[in-house]
Each structure stands twice: as structure tokens, then as C-alpha cells.
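Breakdown of the fold
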Amino acid sequence: MKGSSLKAVLIVTALLGASSALADGTPAGTAISNVATLTFQPPMPPTPPGTPPGPNTNPPTVIPSNPINVVVDKVYNLLITPDGTPAAPGQTVTGVPGQTAVLTYTVKNTSNTADTVNLSSAVQNFSDPVTLRKDDGDNVFDATKDTAATSLSLAAGESVRLYATITTPNNAAGTSNPINVIGTSQGDASKVDNNNWGNVTTGNAAGGTVDKSAYSYGTDASCLVPTGPGGTPVAAPTPLAPTGTPAPSGGTCAAPVLLADKTTTGPVKIIPNELIQYRVVATNTGNGPLSNAILRDLIPANMRGVSIGGSFSGTTKVLFSLNGTTWSAAAPSISGQEGVTVAIAVDSNGDNTITAEDSLPAQGVLTLLLNTQVK
Ligand SMILES: [Ca+2]
Ligand SMILES: [Ca+2]
Ligand SMILES: [Ca+2]
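Description of the overall build of the protein chain
- A count of helices and strands for the protein chain gives 0 helices and 25 strands.
- Counting across all 375 residues of the protein chain, residues that qualify as buried make up 29%.
- Long-range pairs, those at least 24 residues apart, make up 76% of the contacts in the protein chain with a sequence separation of at least 6.

Structure (C-alpha cells):
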């Protein structure tokens, strides 16, 4: 091989691709081809005897290898956030009982190909259904625009906002109501994201009703007993002086006659000196306490006061007031007074006055009795 030195360079290009397993990586279907080459300079012709060989000036020759062709396969995955567990929810919202509460998620297709994420949900502690809604693109929840969805068709790498909505249960204020959103890849059902617990905490539902009725007790004022012995509040609507009991005046007390209540339309007739008892019943229909709840009524024009009484459904004592400032456990006298506002409230903290610290508990019923006489 004298004078025919072979200069060969083997060039091998690193093989690319085929490491497609990373989600969000090279899109599925991408073809990757790789060819190695051998390049060399063919030897120069032999020189005559006695002549030293000259430099090799031949152009390089290139010999390709066989090609290696690969194609990136589909790899499915998904990601739902925020993550959370029932004990450590990823998000918490406070809902008002009976109203819609909304948890907000992001669902991403982390596959390297288009996929459909099938959706489901789970709840703890209550049975209300969860509705999942896909955002319409404005990232603001609107039940009229964000339509219910049981699956999401997403391009590779695409994210959408998803809302989990429920009607907040009417359980006690402060109750946790954990909710989970579960996503499963349609392309690979083994890919599931189910660690997405959030929480809807039941908030206070402020609500109450006030019903008022009026009873006639005839004209014998001695049959109106506003409070029991020692100032014990009487219950309503039990007749204050039972029918047939001897009246302190010497007669017999008649049963009270209902004059009007919330179902009555139009005025009813009364006569001068007739004894009228107004019964006002306030109910906290919410699931939390109503702070500083005071029940008031006014001795109307053309009537004079006789007495007041009242009661509470619970065991906490009630206090009375004629000015809203000074409160007393004993019902104050309103005998003969006109135009006076009377008030009753529950002294829930037992400090013998009524402030914002006091409240009417959930489902509590407070009753005010106002006895008056037509002038
Ligand atoms: Ca997750
Ligand atoms: Ca929206
Ligand atoms: Ca108090």
C-alpha cells in the first residue's frame, strides 16, 4: 500500500429522538431518520520507482450507512390542579346554603398528542350532585356561559379552566364538604389524576321570618296576664288566661279570639276598650346565629299599653327594653302608655344587656307579646 495512505474519517451522528416518553415532548407521529457516513480519500496512483509519493489530492468519497427511521409514539397523560386531600384541600370556598359554590381547576393535556379527558367527581359528607363546567374562555365563572362537561377534548399541551359547582348543603355553618374532581385519559385509561380535593365550607345563611297576629281578649283587662308569676315569660300562643278560668275581676275569662294574622286581608272590627294582644314571632331560619337580633313592636295610635311579655324557644333568658338601651329581665310596665316601642332580645352571653355580642341561634324562635287596649 505504499503511496496509498488511506485517510478515513468515520462520522457518526448521534441518534436523535426515540426518547419521546416525556409528556409535552416531541409530538406523536414525528418521524426521525438518521444515517451515518464513512468518508475517505481514495489512494493516489503509484508513483514511478524512485519518486516519493506526493500528497493525496483525491476528493473524499462518502459512503452512507443504511438509514435508521424511527417515529415518536403517543404518550398520554394529564394534570389537574390544584391538588388536595380531604384533610388538606387544595382550595376552600365558603358557600351560602342553597346557593351555588364554585371550585376552580385547571385541566391540562400533558400528552404529546390530542386526547380526551373523561371527567367525574366525588363528594364526602353530603350527597348533593356536583356539576362540572368548562370555562368558555374568559376565565370567569358564569353558569349561563360555562357549559356542563363530562369530558374535555384537548390538543397536546392545551389547558382549560374547569369549575366544580354544587348547591351548598344546608348543614351547620362551618361544616366541611370535600369535593374531588377526577380526570382519566381516554387514550390511556391508566392515566388518572384524582388527587384534587377541594372544600366547600358551609357559611352562615342569614335569614329570618317575622309573623304577627292579633287576638281579642274581650274587655276584661284582668284576663290579660302578660307574664307568669315572678315575671316568668309566658309562651305563645297559649291563651294567657285559659278559657273558663275565673277572672280576677269576678267574671269568667273568654277564650282569646284571633282577629288577624298574616293570612288576613282587610281591616277587622274592634270596639273601644277591647283588649288586643299582639303576638309577634321571629324565627331564625338560617343555619347560623343572627347577631344582635332584637324584636320590636310599637303601641299603635289610639291604643294604650297594658303589659308586655315574651318567650324564647331556648333556655337562654330574654331581656326587655322600652328604649333599646336599658334592658331588664323583668317585663317593664307599659300600663297606660302610648306610642311606646317595646323590644325583646335573647341575652345569649348572659351579661344582662343586649349588644352585638348577643344573637338569636339558628332555628331559634323569639316571641313578643304586646297587650294593649283600644282607647
Ligand atoms: Ca392533580
Ligand atoms: Ca366563563
Ligand atoms: Ca348580652
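Brief notes about the environment of Asp 138
- Tracing the chain through its elements places Asp 138 in the loop between β10 (131-134) and β11 (151-154).
- Considering only alpha carbons, one finds Asp 138 and Arg 161, 23 residues apart in sequence, at a separation of 9.3 Å.

Some words on unusual backbone geometry
- Here the bond from Thr 81 into Pro 82 is cis, since omega is 5°, no more than 30 degrees from zero.
- Along the chain, Pro 82 falls in the loop between β6 (78-81) and β7 (92-95).
- A positive phi angle, close to 55°, is found at Asn 292, a residue other than glycine.
- Tracing the sequence through the fold places Asn 292 in the loop between β19 (290-291) and β20 (294-298).
- When the 13 C-beta atoms within 10 Å are taken as the criterion, Asn 292 is described as partly exposed.

Thoughts on the sheet that holds strand β18 (residues 275-284)
- If you trace the 5 strands from one edge of the open sheet to the other, you get β17-β16-β18-β25-β21, paired in antiparallel fashion. In the strand order of this sheet, the two ends are held by β17 (257-260) and β21 (303-312), each with one partner. Here the average twist between neighbouring strands, direction ignored, is 25°.

Topic: the sheet that holds β10
- Judged by pairing direction, the sheet is antiparallel, and its 4 strands sit side by side in the order β6-β8-β12-β10 without closing on themselves. Because the sheet does not close on itself, it has two edges, and the strands there are β6 and β10. Between one strand axis and the next, the sheet turns through 30° on average, direction left out of account.
- Where β10 meets strand β12 (residues 159-167), 4 bridges bridge the pair, whose relative direction is antiparallel. Looking across to β12, one finds that Thr 131 is bridged to Thr 165.

Here we look at the pairing of β21
- Burial analysis of β21 places 9 of its 10 residues in the buried class, the great majority of the element.
- Note: β21 against strand β25 (residues 365-374), 9 bridges, orientation antiparallel. Looking at β25, one finds that Ile 308 is bridged to Leu 370.

Some words on the environment of Asn 194
- Within the secondary structure, Asn 194 sits in the loop between β14 (192-193) and β15 (198-202).
- Judged by the 14 C-beta atoms lying within 10 Å of it, Asn 194 falls in the partly exposed class.
- A C-alpha to C-alpha distance of 8.5 Å links Asn 194 and Thr 184, two positions 10 residues apart in sequence.

Overview of the nonpolar core
- By size, the foremost hydrophobic cluster in this structure holds 33 residues, and its most contacted members are Leu 295, Ile 344 and Ala 345.
- Elements supplying a minimum of two residues to this core: β16 (208-216), β18, β21, β22 (318-321), β23 (341-346) and β25.
- Dropping the residues within four chain positions of it, Ala 345 is found in contact with Ala 293, Ile 294, Leu 295, Val 318, Leu 319, Ile 354 and Asp 358.
- Among the nonpolar cores identified, the runner-up in size contains 18 residues, and Leu 78, Leu 103, Leu 132 and Ile 166 belong to it.

Considerations on the environment of Ala 31
- Inspection of the secondary structure puts Ala 31 in strand β2 (residues 31-34).
- Residue Ala 31 is classed as exposed on the basis of its C-beta count, with 9 C-beta atoms lying within 10 Å.
- Placed 38 residues apart in sequence, Ala 31 and Asn 69 show a C-alpha to C-alpha distance of 7.1 Å.
- Excluding its chain neighbours within four sequence positions, the residues that come into contact with Ala 31 are Asn 69 and Val 71.

Observations regarding the confidence of the model for the protein chain
- Taken residue by residue, the protein chain gives an average pLDDT of 85. The fraction at 70 or more is 85%.
- Confidence drops under a pLDDT of 50 for residues 1-22, and excluding neighbours within four residues, the segment shows 39 contacts in the predicted structure.
- Contacts of residues 227-240 to residues separated by more than four positions or lying in other chains number 28 contacts, the stretch itself having pLDDT below 50.

Rules used in this analysis
Residues numbered from 1 in each chain as written. Chains lettered and ligands numbered in written order. Predicted model: local features only at pLDDT ≥ 70, side-chain atom pairs only at ≥ 80, totals over all residues. Helix = DSSP H or I, 4+ residues; strand = E, 2+ residues; numbered from the N terminus. Buried ≥ 20, exposed ≤ 12 C-beta atoms within 10 Å, placed from the backbone. Contact = placed C-beta atoms within 7 Å. Pairing = 2+ DSSP bridges. Axes fitted to C-alpha atoms, helices over the stretch in contact; angles between N-to-C directions. Core = buried A, V, L, I, M, F, W, Y, C linked by C-beta atoms within 7 Å. pLDDT = per-residue confidence, 0-100.

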